Amino acid sequence: QAGLGYARVFDAGGISFAAALEHSLSPAPSVLQHGVGGSFWYAHTGIASSPNDPEGRHLVGVGVRYQMLIRPSGSFRPFLAVPVQLLHSQIPDRTDLLSADLLGASVPEPPPPQPVEDHIGGAWGWGTGLELGFRLGTGKRLSGHTSVQAMYQDIYGSSSRNGAWSWHAGITYALHGS
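Overview of the structure. (Residues numbered from 1 in each chain as written. Predicted model: local features only at pLDDT ≥ 70, side-chain atom pairs only at ≥ 80, totals over all residues. Heavy atoms only, no water.)

1. Overview of the packing of aromatic side chains
Link 1 in the chain: If you walk through the whole model with that rule in mind, you get 5 aromatic pairs.
Link 2 in the chain: Seen in terms of ring centroids, Phe17 and Phe40 are 6.3 Å apart; in terms of plane orientation they differ by 55°. Their pairing is tilted. Taken together, the residues span a long stretch of sequence, with Phe17 in strand 2 (residues 12-24) and Phe40 in strand 3 (residues 32-45) at a distance of 23 residues.
Link 3 in the chain: What makes Phe17 partly exposed here is its relative accessible area of 29%.
Link 4 in the chain: Note on Phe40: relative accessible area 33%, which makes it partly exposed.
Link 5 in the chain: Ring geometry for Phe76 versus Phe134: centroids 5.1 Å apart, planes at 35°, classification tilted. Of the two residues, Phe76 is situated in strand 5 (residues 76-91) and Phe134 in strand 6 (residues 121-137); the sequence distance between them amounts to 58 residues.
Link 6 in the chain: You can call Phe134 partly exposed: its relative accessible area is 32%. (Phe/Tyr/Trp six-rings, centres within 6.5 Å; stacked < 30°, edge-to-face > 60°. Helix = DSSP H or I, 4+ residues; strand = E, 2+ residues; numbered from the N terminus. Buried < 20%, exposed > 50% of the residue type's maximum accessible area, 1.4 Å probe, protein only.)

In short, geometric facts, not functional conclusions.
The following block contains the structure:
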């Protein structure tokens, strides 16, 4: 499954992409399907302390996920997933050219200190969360899906904001039948 959406991390938001590959652990006719697999997540968000920064933050996650899917007789299939991911947050290094006011009589005030998660550079961490969503079958192998995920992530330690959320909509394709 793969989808595009929106993510909010460290008090700033932006575009997000998520993908997962799942292996079913349940027999095909079972109403309650269990599965495990891998997951990938990418988000390009703003930076809370620099909202006009065009480069923003790049956040990448790779990990595993467990999913439970209820397969009623209709095409509406709700699911619950628990991902655990290795995360990397990166704010690209760039040189800001500051123009000096040659006619001004005063020295400009330095900007307030930035939170640790808004500093230039990269950091590694981990995250886990709870994803709720549903699939709507459009055929035997193809379905549309949407989901919302609330996540706890620990990249910069206790000195940063640890909550994040995302919303995605996309398609799911069953490689070996429905």
